[in-house]
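Structural characterization, general
Chain by chain, the residues run as shown.
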Amino acid sequence: MKSKTSENDAFVTFDRVQKSYDGLSLVVKDLNLSMPRGEFLTMLGPSGSGKTTCLMMLAGFETATHGDIMLDGTSINNIPPHKRGIGMVFQNYALFPHMTVAENLAFPLEVRKIGKSEREAKVKRALEMVQMGDFGGRRPAQLSGGQQQRVALARALVFEAELVLMDEPLGALDKQLREHMQFEIKRIAENLGITVVYVTHDQTEALTMSDRVAVFNDGRIQQLAPPAELYESPQNSFVAQFIGENNTLDGLVKEISNGMALVQLDDGKMINCNPVNVTKAGERTRVSIRPERVEFSKDRMEPGAHTLTAEVLEFIYMGDMFRTRLRVAGNDNFIVKTRNAPNQVQLEPGAHVEIGWLPSDCRALDA
Amino acid sequence: MSYTNEDGAMLTADGQPLKRSLATALRRQKIRALLLISPLLIFVLITFLFPIGSMLFRSVENHIVAEILPDTVVALATWDGKSGELPDESIYAAFAGDIQRAAITKSHTRVGLRLNYEKSGSASLFKKTARQAKKWDLETDAPFKEKLIAAHKGWGEVEIWQTLKTHSSRYTAGYFLNAVDMRKTQDGPEFQPENRQILIKLFQRTLIMSLLITLACITLGYPVAWLLANLPRRQSNLLMILVLLPFWTSLLVRTSAWKVMLQQQGVINDILVALGMVEETGRLIMINNQFGTIVAMTHILLPFMILPMYSVMQTIQPTYLQAAKSLGATNWTAFWRVYFPQSVPGIGAGSILVFILSIGYYITPEIVGGNKGVFISNRIAYHIFQSMNWGLAAALGTILLAIVLILYWAYDKVVGIDNVKLGG
Amino acid sequence: MKFTKTVLVTVALSLSTGLASAGAHEEMTIVSWGGAYSKSQLKAYHEPYTAMTGVTIINDESAGTAVAKLRAMKEAGNLTWDVVDVEAGPAMQLCDEGLAMEIDHDTMLAAAPDGTPASEDFGSFIVSPCFIPQIVYSYTVGYRNDMVGSTPPTSICAIFDTETYPGKRSLKKGALSNMEWALLCDGVAKADIYPMLETAEGQDQALAKLDTIKDDVIWWSAGADTPQLLADGEVVMGSTFNGRLFALIEEQKQPVSMLWDGQIYDLDGWIIPTGLSPERQARALDYVKFATDTQRLADQSKWISYGPTRASSAPLVDKHAELGIAMAPHMPTDPANSNNTFLMNYAFWADYKDDVESKFQAWLAK
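Reading the values: the criteria
Residues numbered from 1 in each chain as written. Chains lettered and ligands numbered in written order. Predicted model: local features only at pLDDT ≥ 70, side-chain atom pairs only at ≥ 80, totals over all residues. Heavy atoms only, no water. Domains from an automatic or database assignment. Buried area = accessible area lost by both parts, 1.4 Å probe. Salt bridge = Lys/Arg side-chain N within 4 Å of Asp/Glu carboxyl O. Contact = heavy atoms within 4.5 Å. Polar contact = N/O pair within 3.5 Å; in protein donor to acceptor, adjacent residues only side chain to side chain. Helix = DSSP H or I, 4+ residues; strand = E, 2+ residues; numbered from the N terminus. Buried < 20%, exposed > 50% of the residue type's maximum accessible area, 1.4 Å probe, protein only. Pairing = 2+ DSSP bridges. Axes fitted to C-alpha atoms, helices over the stretch in contact; angles between N-to-C directions. Phe/Tyr/Trp six-rings, centres within 6.5 Å; stacked < 30°, edge-to-face > 60°. Lys NZ or Arg CZ within 6 Å of the ring centre and 35° of its normal. Nonpolar A, V, L, I, M, F, W, Y, C, P; charged D, E, K, R; others polar. Bend = angle between axes of the 7 residues up to and from the residue. Patch = residues over 30% accessible without salt bridge, like charges linked within 9 Å, V, L, I, M, F, W, Y side chains within 5 Å. Areas by Shrake-Rupley, 256 points an atom, 1.4 Å probe, with all protein chains shown as cover.

Residue and element names in this part refer to chain C. Assigned domains of chain C: these are domain 1 (26-136 + 268-325) and domain 2 (139-264 + 338-365). When each unit is reduced to the centre of its C-alpha atoms, the spacing between domain 1 and domain 2 is 26 Å. Of the roughly 1,500 Å² buried between domain 1 and domain 2, counting both surfaces, carbon and sulfur atoms make up 58%. Considering only the surface of domain 1 that becomes buried against domain 2, Gln-93, Ser-305 and Tyr-306 emerge as the three largest contributors, covering 28% of it. Summed over the shared surface of domain 1 and domain 2, the result is one salt bridge. With a shortest N-O distance of 3.1 Å, Arg-71 and Asp-354 are connected by a salt bridge.

Spelled out as structure tokens, the structure:
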């Protein structure tokens, strides 16, 4: 692996990239992105958001309608996929069914005219890396989904690509295996120091694996940030909604002062919020509060914080957590998550409670 | 376990042996399944197995001589054909009786025709003789040796008697011998005279030309199947209609259209002459020969190649090619190492279909094949429709069937029939 | 419900039409040669007969393989033909084999208008007890005027002269006519041809002569083939029936001429297969009686240039029904056309057809 001397230089750059299939509408609208060497970046978004198209443009299977894609400082727009030297893991693995596992792995080495003994050594090493050393003679059809996944990963890595693209590689696995593989992929990527662009629509996967996550919607990156920042400080309603669980309350901005916005909810109540995406009074806003940041007991709230009256609609016991559904300011779907602690109250449906939160956790976003 | 008897066999809850109970339950399902397929089963039996059985039987059946000339056949048993001497009067007398009875029932032509397959001239010999024999009085007109020889000098030659004796058995391998250019003689099988050896050559020609047609179909059909599998739906549907169009046109119309295209004053020659690529006097001969047969049959059989190829290619996901390219393969390598091997089952299925169909084809070669472009099936048709030599036709058909089965078996051994895919 | 009803109605309808066609009007299948010849029969015989009796006539064009098919039908026990148009030789063959019924010409066929019994009116054309004569025709060669240069052929042997007349020629895919011409052009005297063809040596000699042009021949099996090939300019010359050439030259105005040399006379007529049910046989006889009366035979010659076989029809031969030209000069029997003719030996072909044909076909397949 190359040294990380140029860590802060952009390794992969999208510069004002646009993509249209029909000449009428854009699938990718003005994409700008740059990632340093060794980063694990995830493109997250609902289907049709343009994330896979971006990946395909990077791999060379789609051409950008406008803009430049640069790899290590040079534009690769006109370089055919087989000369880009980018490893890729496909959603359905795309293991060649007529070849054995070892032959699959040897394929990229063969087309690079690497000698037989070196080839075999590399194949062996790659298989061992994914703990598939004993499976070289099998056909892909004789492997389980997880095993195929490992082989596909090994194949993308065997020719020592510096950049590896993964298109929903774990989508076909069951939950437990998926979680295990997330860890594996992360570990291998770190060990090899490779740069990874990872596409998924699973936010947990994105949050657990990535250095940074690019949230896609409607052909644009809505937010590009490390997982914690993405969760804690979503920049707009879409991101807030898409990442993690989220309660929303609609209202009107009354006043913005001292880094605090006063929002009048639709039922007339006033609350203090953190003005993230609102700039002036009179704007409609959607207020976002994470379910685990809602408090029932006054003593845990900041002094002077607004409280709202809520009616308990449902109480769900979830083992480690309690999940309480409330009606708050006309929203019947206001969820509060509380840890199953010894002194935690278990609310009965029908009860009326006061709820509150830190104003910094209550984010006024675009409506 | 409480539900077992003393032998340890499993029992059901009410004490029945589990095996019997299962069999009863399954039998009902089996009977229902059998009833559902029974119309097809009966149909196949009547229209497929029975005719094939009847064909196999006809290829060895040989009752005509024994049936029409019974006394002669019995009498000839005592005659040694290898002695080179004519039979004695008793045999001539037996024959005179037989031929007279045959002449009255007008069945003499059948035996004449039968022997004519073996010895040219027998048909006229029997016709001429029967005309005389009708007038004889079997009691008073003896001896018949002179009378028969007088009726036709053929009866004075030992050869006709040897032929009669050789082909008097009720079952014969003679038709199969004929089918491979041999014939049954009193000294055992031997090759036909050189000028009657045509069938082996025809078999060879049939196989070679069918192979060429199959190769032509692969070459032309592969790109089309690829387009069908990879074009956007709307375009591929249109293309599919074009591929299927020939199916909706009469075979004769299609073949005749090729006549118009390929003949010397035809469309292709006209175009070549107009372009100055061919001299007016040097117009190409593209029909009534092997070329014409190959072109017309390739066209007719092409859909049978394209459809299985298409259905296999449809299942090859485009990501395989993308994967190959991302691994560093050029377009060609990606195709040749990754796509092509996966499409081979389709080629195999298409080839089997086209090859088997083409070695049994006869209408198209008949119309555009001239003399040199006809197949063994045209000979079979000739023997069924014209010469009435159904025994030989059946033997040829049986051999053709055997060739198909052997090829099928060989394919199974080499490629594996499980690899043949006609659909997803 | 609706679907079931539709199905039931459809079944009922198709059943009723099926029954109706079987019962209400009668049908008979007549086998002939197709093309201009079938048209002449349609105009002269079928249409007036249907108008008179209401019997529908189905025209089957497989006369070329009539002997084999009748043999096959007998073998299979399923006779679908009622009346069959065949040449004299095959008629004799079918008679010998008991596949054609014997006819009493005087009682079963119409007498001439002046009362002459049919057997006298047809005279020597009744070559077999089963044969009901119809026409005299000939195997004749036609050639493209524009492909023979300045020396149009005058002799039948132009077929074998590929030097003077290069190009393809179409010949019948069968022994009859080709074997005779081969020996004739190999220098055999006319009278010796049939005796020679009875021997293996004579047959081989004829085939050897045909060998010299084998690669230049397109073999035809349908009467319409040669006219089509001539019209397309695919062949320089070709043999066919003289009536077909007449239609090609006079009706379609193609640049083709007819060679009245060495043409082989043959007869064509009806036979009725044996084994018909009494009703079908009666109907077949009724048709044949109508179709071979003096007027009908003369009528046919208005449509095609074949000579009627009744003496009493000859004076009635008139002009072509549509072209208006006199038909007599186009008849193979016209004296101007008969300078060097060749009379077919029907009896030879009846006896030797199977021998010679199998040999010819084997030669052809080589």
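Before going further, it helps to spend a moment on the interface of chain B and chain C. Tallying the contact residues gives 36 residues for chain B and 34 residues for chain C. Between chain B and chain C the total buried area reaches about 3,100 Å² when both faces are included, carbon and sulfur atoms providing 43% of it. For the chain B face of the interface with chain C, the top three residues by lost area are Lys106(B), Lys127(B) and Asn371(B), together amounting to 18%. Counting across the interface, chain B meets chain C through eight salt bridges. Between Lys366(C) and Glu194(B) there is a salt bridge; the shortest N-O distance is 3.9 Å. The interface formed by chain B and chain C holds 19 residue pairs in polar contact (both at pLDDT 80 or more) in total. When residues of the side of chain B that touches chain C are traced back to their parent elements, those giving at least two are helix 5 (108-118), helix 6 (122-133) and helix 18 (376-385) of chain B.

Another point: the side chain of Ser210(B). Residues and elements named next belong to chain B. Secondary-structure assignment places Ser-210 in helix 10 (residues 199-230). By relative accessible area, which is 0% here, Ser-210 ends up buried. The contacts of Ser-210, once residues within four sequence positions are left out, are Phe-355, Ser-358, Ile-359 and Phe-375.

Here we take up the domain arrangement of chain B. Split into domains, chain B comes out as domain 1 (1-58), domain 2 (64-196) and domain 3 (199-419). Each of domain 1 of chain B and domain 2 of chain B has a C-alpha centre, and the two are 55 Å apart.

Below, the discussion takes up the sheet that holds strand 13 (residues 270-275) of chain A. Residue and element names in this part refer to chain A. If you walk around this closed barrel you meet the five strands as 11-12-13-19-14, and the pairing is mixed. Sheet twist, expressed as the mean angle between neighbouring strand axes with direction ignored, is 55°. In the sheet, strand 11 (residues 247-257) pairs with strand 14 (residues 284-289) via six bridges, with the strands oriented antiparallel. Each bridged residue has a counterpart across the sheet, and for Leu-252 the counterpart in strand 14 is Arg-284.

Take the packing of aromatic side chains next. What characterises a pair of aromatic rings is the spacing of the ring centres plus the angle enclosed by the ring planes. Evaluated as defined, the whole model comprises 41 aromatic pairs over all chains. Ring centres of Phe40(A) and Tyr198(A) lie 5.6 Å apart, and the angle between their planes is 35°; on these two criteria the pair is classed as tilted. Placement of Phe40(A) in strand 3 (residues 40-44) and of Tyr198(A) in strand 8 (residues 195-200) is noted, with a sequence separation of 158 residues between them. On the accessibility criterion, Phe40(A) (3% relative accessible area) is buried. Its relative accessible area of 0% is what places Tyr198(A) among the buried residues. With a centroid separation of 6.1 Å and 55° between ring planes, the pair formed by Phe335(B) and Phe340(B) is classed as tilted. Classification of Phe340(B) by relative accessible area gives partly exposed; the value is 22%. Joined through ring pairs, the aromatic side chains of Trp33(C), Tyr37(C), Tyr137(C), Tyr139(C), Trp220(C), Phe241(C) and Tyr306(C) make up one cluster. For Arg290(A), the ring lying beneath its charged end belongs to Tyr231(A), and the centroid distance is 4.0 Å.

Taken together, the contact pairs 17 residues of chain B with 21 residues of chain A. Both sides together, the interface formed by chain B and chain A hides about 1,700 Å², and carbon and sulfur atoms give 67% of it. A per-residue breakdown of the area chain B buries against chain A is headed by Ser326(B), Leu327(B) and Arg337(B), which together make up 39% of the total. For the pair chain B and chain A, the number of links is one salt bridge. Glu110(A) is paired through a salt bridge with Arg337(B); the nearest N and O atoms lie 3.0 Å apart. Our enumeration of links across chain B and chain A arrives at five residue pairs in polar contact (both at pLDDT 80 or more). For the side of chain B that touches chain A, the secondary structure elements donating two or more residues are helix 15 (318-326) and helix 16 (331-359) of chain B. In terms of residues, the side of chain B that touches chain A owes the most to one element, helix 15 of chain B, which gives seven residues. Here the side of chain B that touches chain A is built from residues that sort into seven nonpolar, eight polar and two charged.

All names here are of chain A. By the bridge criterion, five bridges tie strand 15 (residues 307-317) to strand 18 (residues 352-356) in an arrangement that is antiparallel. From the neighbouring strand, Thr-309 faces strand 18, where its bridge partner is Glu-354. As defined by bridge partners, strand 15 adjoins strand 16 (residues 321-328) across seven bridges and the pair is classed as antiparallel. Bridging from a neighbouring strand, Ile-316 pairs with Arg-323 of strand 16. Hairpin connection, strand 15 to strand 16: the antiparallel pair is bridged by three residues, and Gly-319 has positive phi, about 85°.

Moving on, we come to the arrangement of the chains. Taking contact number as the criterion, the leading pair out of two pairs of chains in contact is chains B and C. Between chain A and chain C there is no contact, and the shortest C-alpha to C-alpha separation is 44 Å.

Residues and elements named next belong to chain C. For helix 14 (residues 346-365), the principal kink sits at Tyr-352 and spans about 70°. Within helix 14, 17 of the 20 residues are buried, leaving the element largely enclosed by the surrounding structure. Between the side-chain oxygen of the N-cap and the backbone nitrogen of Ala-347 there are 3.2 Å, and the N-cap of helix 14 in question is Asn-345.

Attention shifts here to a nonpolar patch on the surface. Taken together, the side chains of Leu34(B), Leu36(B), Ile37(B), Leu40(B), Leu41(B), Ile42(B), Phe43(B), Val44(B), Leu45(B), Ile46(B), Phe48(B) and Leu49(B) make up a nonpolar region of the molecular surface, amounting to roughly 1,200 Å² of accessible area. Mapped onto the secondary structure, Leu45(B) falls in helix 1 (residues 18-58).

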